[in-house]
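Fold and contact review
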Amino acid sequence: MRKSVVAIVGRPNVGKSTIFNRLVGERISIVEDTPGVTRDRIYSEAEWLNQKFNLIDTGGIEIGDEPLLIQMRQQAEIAIDEADVIIFIVNGKEGITAADEEVAKMLFKSNKPIVLGVNKMDNPEMRATVYEYYSLGFGEPYPISGAHGLGLGDLLDEVVSHFPKTEEDEKEEDTIYFSLIGRPNVGKSSLVNAILNENRVIVSDIEGTTRDAIDTHLQRDGQNYVITDTAGMRKRGKVYESTEKYSVLRALKAIDRSDVVLVLIDAETGIREQDKKIAGYAHEAGRAIVIVVNKWDTIESNEKAMKEFEIKIRAHFQFLDYAPIVFLSAKTKKRLHTLMPMIQLVSENHSKRIPTNVLNDVIMDALAMNPTPTVKGRRLKVLYATQVAVKPPSFVIFVNDPELMHFSYKRFLENKIRDAFGFEGTPIKIFARRRG
Ligand code: GDP
Ligand code: GDP
């Protein structure tokens with residue numbers, strides 16, 4: 001089910017990022033521990049009344065050195081394009097400014113549900129002044145204090161009441177949902193078009209209540225596929241599209257709805273820092289991954305060139321050592337036929353279940369080959385293992401004391417599981433749990 005998206009807009013310094021951080025809370029990200037990959041605090045999951053949604057702080061999207069008004073206009077435009085519900089924040093200490101009115105005008109025309117938050121209402125006396133904000137035309141203004149966490153519950157009640165009904169948006173079984181992510185200009189739109197031309201498109205452009213997530217259904221060799229989030233690829237020519245933060249936001253949104261993610265790399269320009277960052281999110285989300293080196297027509301193609309490029313990718317994307325690499329050209333369609341079978345393979349691995357007895361045979365063999373370590377005179381004892389989840393495959397290993405299971409031994413067991421069962425293209429998770 002697609003999560004609703006909520007965007008926060010407003011002038012600088014009204015408290016957008018303070019409110020964002022409060023609603024998102026502290027989340028520990030494994031990507032932050034991956035060198036060269038940092039978390040952009042502009043898009044994150046949040047939850048209210050058991051409803052999970054994604055929250056965007058449009059203030060975090062810097063759009064060059066444009067004057068304030070133009071920046072705000074573009075931020076509002078992103079909110080209108082991306083979000084199901086918009087939280088418009090004004091500063092209750094300053095009253096309504098000309099810039100607020102400008103943004104209000106744009107939001108008003110969008111027909112999106114707008115919830116007005118009047119921030120910095122830190123004490124009850126100030127709340128009496130909230131009525132003047134009715135004049136913005138968005139109905140009841142909600143007095144809040146991001147700094148003190150006041151009034152946010154009422155505001156969120158209103159926000160979630162506007163979420164689109166998602167029943168018709170359920171995922172279909174036996175269908176592989178995949179998306180394409182990558183820097184601007186790596187060839188995402190070109191590759192989507194190439195895929196659509198090569199395969200039987202069943203339904204395209206179904207615009208449901210959630211019109212900004214356009215899914216395209218297609219079929220190949222009896223397998224159904226859905227390319228998710230092709231909407232982002234159709235909005236061509238907007239100024240903000242080329243900004244890094246926006247491309248990250250787009251990637252996160254695409255990852256959210258897919259099982260398999262194609263991480264596109266541009267063969268012509270080579271690997272960039274931003275590629276790593278974007279790939280890191282797909283890895284962290286536990287999706288199956290195929291690395292796609294596009295524009296292969298620009299390279300004099302032979303086995304040697306492919307090997308060399310692969311070595312570079314492996315060096316830069318160490319955390320994706322499980323992901324297969326496909327070299328192709330969206331433009332000439334060269335090697336395009338290798339892509340869909342690879343998507344199918346990694347998808348199968350992503351939802352593969354290993355019977356407990358077979359798994360334990362492998363674990364026992366591994367233990368015999370490389371005895372468990374001893375920490376401060378105590379030896380790790382592995383009792384048995386079982387698979388507890390798919391997408392991605394997750395295993396619990398019952399041990400005498402989880403503290404004794406060091407990273408390196410866990411890694412060793414992961415490699416043995418991979419060797420035995422071939423989980424190409426999918427991350428796997430291993431948890432150690434105490435069993436007396
Ligand atoms: P943004 O530019 O809209 O993201 O605003 P920030 O979240 O960075 O906040 C701007 C300033 O307002 C910071 O100094 C915050 O500490 C302050 N601020 C944010 N929320 C509140 C609030 O509820 N009350 C008060 N008094 N100050 C706040
Ligand atoms: P997006 O921003 O990631 O959606 O990238 P586009 O699909 O718009 O492609 C960006 C540019 O790269 C366009 O000029 C395309 O014609 C070009 N391009 C895309 N795929 C290929 C390819 O396989 N080979 C070559 N030579 N150019 C490509």
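For the structure itself, consult the block above.
Basis of the calculations
Residues numbered from 1 in each chain as written. Chains lettered and ligands numbered in written order. Predicted model: local features only at pLDDT ≥ 70, side-chain atom pairs only at ≥ 80, totals over all residues. Heavy atoms only, no water. Pairing = 2+ DSSP bridges. Helix = DSSP H or I, 4+ residues; strand = E, 2+ residues; numbered from the N terminus. Axes fitted to C-alpha atoms, helices over the stretch in contact; angles between N-to-C directions. Contact = heavy atoms within 4.5 Å. Phe/Tyr/Trp six-rings, centres within 6.5 Å; stacked < 30°, edge-to-face > 60°. Buried < 20%, exposed > 50% of the residue type's maximum accessible area, 1.4 Å probe, protein only. Lys NZ or Arg CZ within 6 Å of the ring centre and 35° of its normal. Near = heavy atom within 4 Å. Polar contact = N/O pair within 3.5 Å; in protein donor to acceptor, adjacent residues only side chain to side chain. Areas by Shrake-Rupley, 256 points an atom, 1.4 Å probe, with all protein chains shown as cover. Nonpolar A, V, L, I, M, F, W, Y, C, P; charged D, E, K, R; others polar. Salt bridge = Lys/Arg side-chain N within 4 Å of Asp/Glu carboxyl O.

**Brief notes about the sheet that holds strand β17 (residues 394-399)**
- Pairing is mixed in the open sheet, where three strands are placed in the order β16-β17-β18. Both edges of this open sheet fall to β16 (382-389) and β18 (429-434), since each of them pairs with a single strand only. Ignoring which end each strand starts from, the neighbouring axes of this sheet average 25 degrees apart.
- Bridging between β17 and β18 involves six bridges; their strand directions are parallel. Across the sheet, the residue bridging to Phe398 is Arg433, located in β18.
- Across the face of the sheet, helix α11 (residues 356-369) comes into contact with β16 and β17 while running at roughly 140 degrees to β16.
- Strands β17 and β18 of the sheet are contacted by helix α12 (residues 407-421), whose axis makes an angle of about 125 degrees with β18.

**Description of the packing of aromatic side chains**
- Applying the stated criterion to the full structure yields 13 aromatic pairs.
- When the centroid spacing of 6.4 Å and the interplanar angle of 50 degrees are considered together, the rings of Phe317 and Phe319 count as tilted. Taken as a pair, Phe317 and Phe319 share a single burial class, namely buried.
- Its end group placed over the ring of Phe423, Lys352 keeps NZ or CZ at 5.5 Å from the ring centre.
- A cation over an aromatic ring shows up here: Arg435 above the ring of Phe398, its NZ or CZ 4.3 Å from the ring centre.

**Focus: the sheet that holds strand β4 (residues 85-91)**
- Taken together, the six strands give an open sheet; going across it, the order is β2-β3-β1-β4-β5-β6, and neighbouring strands pair in mixed fashion. Of all strands in the sheet, those bounded by a partner on one side alone are β2 (43-48) and β6 (142-143).
- By the bridge criterion, six bridges tie β2 to strand β3 (residues 51-57) in an arrangement that is antiparallel. Across the sheet, Ser44 pairs through a bridge with Leu55, a residue of β3.
- Across the face of the sheet, helix α2 (residues 68-82) comes into contact with β1 (4-10), β3 and β4 while running at roughly 165 degrees to β1.

**What to know about unusual backbone geometry**
- The peptide bond linking Lys391 to Pro392 adopts the cis configuration, its omega dihedral lying at 0 degrees.
- Its location among the elements puts Pro392 in the loop between β16 and β17.
- The backbone phi angle of Asn50 is positive, close to 65 degrees, even though this residue is not glycine.
- Along the chain, the position of Asn50 falls in the loop between β2 and β3.
- Classification of Asn50 by relative accessible area gives exposed; the value is 72%.

**So, the site of ligand 2**
- In the vicinity of ligand 2 lie 16 residues, with Asn185, Lys188, Ser189, Ser190 and Asp297 positioned nearest.
- The backbone of Val186 places a nitrogen or oxygen atom 3.4 Å from an oxygen atom of ligand 2.
- At a separation of 2.8 Å, an oxygen atom of ligand 2 approaches a polar backbone atom of Lys188.
- About the coverage of ligand 2: the protein hides 76% of its 580 Å² of free accessible area.
- Top contributing element to the shell around ligand 2 by residue count: helix α5 (residues 188-198), with three residues.
- Split by residue class, the shell around ligand 2 holds three nonpolar, seven polar and six charged.

**Quick word on the side chain of Ser394**
- Relative to the helices and strands, Ser394 is located in strand β17.
- When residues no more than four places from it in sequence are discounted, the contact partners of Ser394 are Thr386, Gln387, Val388, Ala389, Lys429 and Phe431.

**A word on the pattern of salt bridges**
- In total, this model carries 20 salt bridges according to the counting rule given.
- For the salt bridge of Arg220 with Asp221, the shortest nitrogen-to-oxygen distance reads 3.8 Å.
- Its relative accessible area of 71% is what places Asp221 among the exposed residues.
- The residue Arg411 makes a salt bridge to Asp321 at a minimum N-O spacing of 2.6 Å. Of the two residues, Arg411 sits in helix α12 while Asp321 sits in the loop between α9 (303-316) and β13 (325-327), which places them 90 residues apart along the sequence.
- It is possible to trace a salt-bridge network through shared partners that takes in Lys3, Glu45 and Asp256.

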